[in-house]
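The lines below spell out each chain.
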Amino acid sequence: MTQVFIIEGPDRCGKGTIIENLIRYTNAQNYLILHSGKPNTKNLSTQQIKENQYNYNYNQIKLIKENYQNYDLIIFDRSYIGEYVYGNLYRNMNYTIENLQDFEQSSFINWLNKTNNCSLQLILVSDSPENRLSREDGNSLSGFKLGVMKSEELLFKEYFNASTIENKFYLDWTKEDFSQLNNIMNSVINDCSQINDIT
């Protein structure tokens, strides 16, 4: 069984910690990490940017569908969900909940329902703006204001709640004891099931 994890959340919220420990705790021998990057926007219309980003994300999913049997573990270090958040906040893309759900259904949900040897889990990682700023390296959050960071958090939660992925896990570092990382990872890996909407 190939395990596929989509790891999402704002910059500096601890996604890297989860990814490192997923590899360690699943004892994966063959794993693949994919990162969804920022779309090219230079001299392009809003519609062209949307089309490019759709094709980019669709091709990443296609890569998984064609090659998942070669891996024990596949991790998306950020994904199409991040583009829905950042595109709306910083590029005036006006993505909707329906855009998200249509993409999921057309690109992989229907395929997953017919595949017995591949599982998919969505994990949203969250932390307070203050904690995120304390981890800043000068490249991710420079000049960010608390209000903007809170807007990011709210949008990530909105799209997480709207996602049609069945197995979801919400990890809020402000409510977790990092010294209990073993228990946290056990929950992430084994208890990832459909949850109520988060607020």
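Description of the structure in this document. Quantities reported herein were computed from a predicted structural model and do not represent experimental measurements.

## Observations concerning the pairing of strand 3 (residues 73–77)
Part 1 of the reasoning: Of all the five residues making up strand 3, four are buried; the element is thus mostly covered by neighbouring parts of the structure.
Part 2 of the reasoning: Note that strand 1 (residues 2–8) and strand 3 share five bridges and pair parallel. From the neighbouring strand, Gln-3 faces strand 3, where its bridge partner is Leu-73.
Part 3 of the reasoning: Relative to strand 3, strand 2 (residues 31–35) is paired through five bridges, and the arrangement is parallel. Residue Tyr-31 lies in a different strand from strand 3, and its bridge partner there is Leu-73.
Part 4 of the reasoning: Tracing the backbone out of strand 2, into helix 2 (residues 46–67) and back to the parallel element strand 3 gives a crossover that is right-handed.

## A short note on helix 7 (residues 181–190)
Part 1 of the reasoning: Within helix 7, burial applies to Leu-181, Ile-184, Met-185, Val-188 and Ile-189. Each buried residue of helix 7 sits inside an arc of 125 degrees when the element is viewed along its axis, so together they form one side. Exposed residues lying more than 90 degrees from the buried face of helix 7 are Asn-182 and Asn-190.
Part 2 of the reasoning: Looking at the buried residues of helix 7, the elements they touch are strand 1, helix 1 (15–26), strand 4 (118–126) and strand 5 (168–172).

Conventions adopted
Residues numbered from 1 in each chain as written. Predicted model: local features only at pLDDT ≥ 70, side-chain atom pairs only at ≥ 80, totals over all residues. Heavy atoms only, no water. Buried < 20%, exposed > 50% of the residue type's maximum accessible area, 1.4 Å probe, protein only. Helix = DSSP H or I, 4+ residues; strand = E, 2+ residues; numbered from the N terminus. Pairing = 2+ DSSP bridges. Right-handed = clockwise from strand over helix to strand, strands pointing away. Arc of directions from axis to C-beta. Contact = heavy atoms within 4.5 Å.

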